[in-house]
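Now for the letters of each chain:
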Amino acid sequence: MSEMTFNAHRRTSDFGSAGSRRLVRAGKIPAVIYGHVAPQHIVLDAHEFEIAVGKLTESTLIVLDVDGEKYEVLLKEFQDDLLSDTIRHIDFYAVKRGEKLRAYVPIIAKGNPVGCREGGVLDVVLHEIEVECLPKDLPSEIIVDVSGLGINQHLAVKDLQLGAGITIHHNLADTVASVKTVKAEVEPATPESANAEAEVIGAAPADGTAPAEE
């Protein structure tokens, strides 16, 4: 389980779109916590969150320290402004200790397959999977070792190594990753090549003229 902590403050005034714009200009991010708690409007430090956001996934357990009161949450959505490269708003979903939750966890393939060294190509089919478990057991990612895959071999969902207490909500027979052979490209026939072949087998050339008599 991966866990991150952020400090935050309650947002008690300056609501509305104009207030949100003022917060963003001041280096803050307005946010809301919902789920297993009454909706909580909070404000985070933009610099602190933007540094970490690249490491966050839907399954990263986040601890929000809001003026000394802690909430365990998951990142559900954030709104960013591509022009100004700023985050304008965040939605957090509060989880409850001792109560199972469902979340999508990214699958990361690692290793250089044996089959790729023999001319094959790695094809990662499944990039995330839905699991159910307690918040404390929720993995931030699932690492799949593909180094042992030979050509025309694959790993299925049933082969994923997950901890105890984690239930997979996916078809266990589905392919996660495989190594495939590379098909040789067949060049389209040209009139010249067609005529040459026709001369060899005595057929009519591609231009429609009859073959020469000997």
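Preceding block: the structure.
Definitions and cut-offs
- Per-chain numbering applies: the sequence of each chain, read as written, is numbered from 1 onward.
- Residues qualify for local features only when their pLDDT is at least 70, as the model is predicted, and side-chain atom pairs are given and counted only at 80 or more; totals for whole chains, interfaces and linings, by contrast, use all residues.
- The basis for the side-chain values is all heavy atoms of the structure; hydrogens and waters are excluded.
- Secondary structure counts use DSSP, requiring at least four H or I residues in a row for a helix and at least two E residues in a row for a strand, with both numbered from the N terminus.
- Each residue is placed in one exposure class: buried if its accessible area under a 1.4 Å probe, protein chains only, is under 20% of its type's maximum, exposed if it is over 50%, and partly exposed if it falls in between.
- Here, residues are in contact when the closest pair of their heavy atoms is within 4.5 Å.
- Here the Shrake-Rupley method, with its probe set to 1.4 Å, supplies the accessible areas, and only the displayed protein chains count as covering residues.
- Strand pairing is assigned whenever DSSP detects at least two bridges linking the two strands.
- With axes taken as lines fitted to C-alpha atoms, and helix axes fitted only over the stretch in contact, angles between N-to-C directions fall between 0 and 180 degrees.
- The arc in question is the one traced by the directions running from the helix axis out to the C-beta atoms.
- Stacked, edge-to-face and tilted labels apply to pairs of Phe, Tyr and Trp rings (six-membered ring for Trp) whose centres lie within 6.5 Å, assigned for plane angles under 30 degrees, over 60, and everything in between, in that order.

Peer 1: Can you tell me about the overall build of the chain, naming the residues and giving the values?
Peer 2: Scanning the chain for helices and strands turns up 4 helices and 13 strands. With 214 residues in all, the chain has 35% of them scored as buried. Across the chain, contacts joining residues at least 24 apart in sequence account for 64% of those joining residues at least 6 apart. With an accessible surface of roughly 13000 Å², the chain has 50% of that area assigned to carbon and sulfur atoms.

Peer 1: Residues and numbers for the sheet that holds strand S11 (residues 154-156), please.
Peer 2: Here 3 strands make up an open sheet; going across it, the order is S8-S13-S11 and the pairing antiparallel. Of all the strands in the sheet, the pair left with one neighbour each is strand S8 (121-124) and S11. Strand-to-strand twist in this sheet, taken as the mean axis angle between neighbours without regard to direction, amounts to 10°.

Peer 1: Residue-level account of helix H1 (residues 16-25), with values.
Peer 2: Buried residues of H1: Gly19, Ser20, Leu23 and Val24, and no others. Down the axis of H1, the sector holding all buried residues measures 140°, keeping them to one side. Residues of H1 that are buried sit in contact with strand S2 (28-35), strand S3 (40-45) and strand S6 (86-94). Backbone geometry just after H1 places Gly27 at a positive phi near 85°.

Peer 1: Break down the packing of aromatic side chains for me, citing the residues and quoting the values.
Peer 2: What the rule picks out here adds up to 3 aromatic pairs. Pairing Phe6 with Phe49 gives two aromatic rings, centres 5.4 Å apart and planes at 50°, and the pair type is tilted. One end of the pair, Phe6, is in strand S1 (residues 3-10); the other, Phe49, is in helix H2 (residues 46-52), and 43 residues separate them in sequence. With respect to class, Phe6 is no different from Phe49; both count as buried. Centre to centre, the rings of Tyr34 and Tyr93 are 5.7 Å apart; their planes meet at 75°, and the pair counts as edge-to-face.

Peer 1: Talk me through the sheet that holds strand S12 (residues 167-168); I want residue IDs and the actual numbers.
Peer 2: The 4 strands are arranged S10-S7-S9-S12 in an open sheet whose pairing can be described as mixed. This sheet does not close on itself; its edge strands, each paired only once, are strand S10 (142-145) and S12. Here 4 bridges tie strand S7 (residues 101-110) to S10, and the two strands are oriented parallel to one another. When the bridges of S10 are listed, Lys110 appears paired with Asp145.

Peer 1: Report on unusual backbone geometry, specifying residues and quantitative values.
Peer 2: One non-glycine residue, Asp67, lies in positive phi territory at about 50°. Residue placement: Asp67 occurs in the loop between strand S4 (61-66) and strand S5 (69-81). A positive phi is found at Asn152, a non-glycine position, where the angle reads about 70°. Among the secondary structure elements, Asn152 is positioned in the loop between S10 and S11.

Peer 1: So, the environment of Leu74: which residues are in play, and what are the values?
Peer 2: Within the secondary structure, Leu74 is located in strand S5. When its relative accessible area of 4% is taken as the criterion, Leu74 is described as buried. Sequence spacing of Leu74 and Leu56 is 18 residues, and the spatial spacing of their C-alpha atoms is 9.3 Å.

Peer 1: Got a sec to walk through the pairing of strand S9 (residues 128-133)? Specific residues and values, please.
Peer 2: Where S7 lies against S9, 6 bridges are found, and the strand directions are antiparallel. Bridge pairing links Tyr104 to Glu130 in S9. Of the pairings in the sheet, the one linking S9 to S12 comprises 2 bridges and is antiparallel in character. Bridge pairing in S12 places Val131 opposite Ile168.

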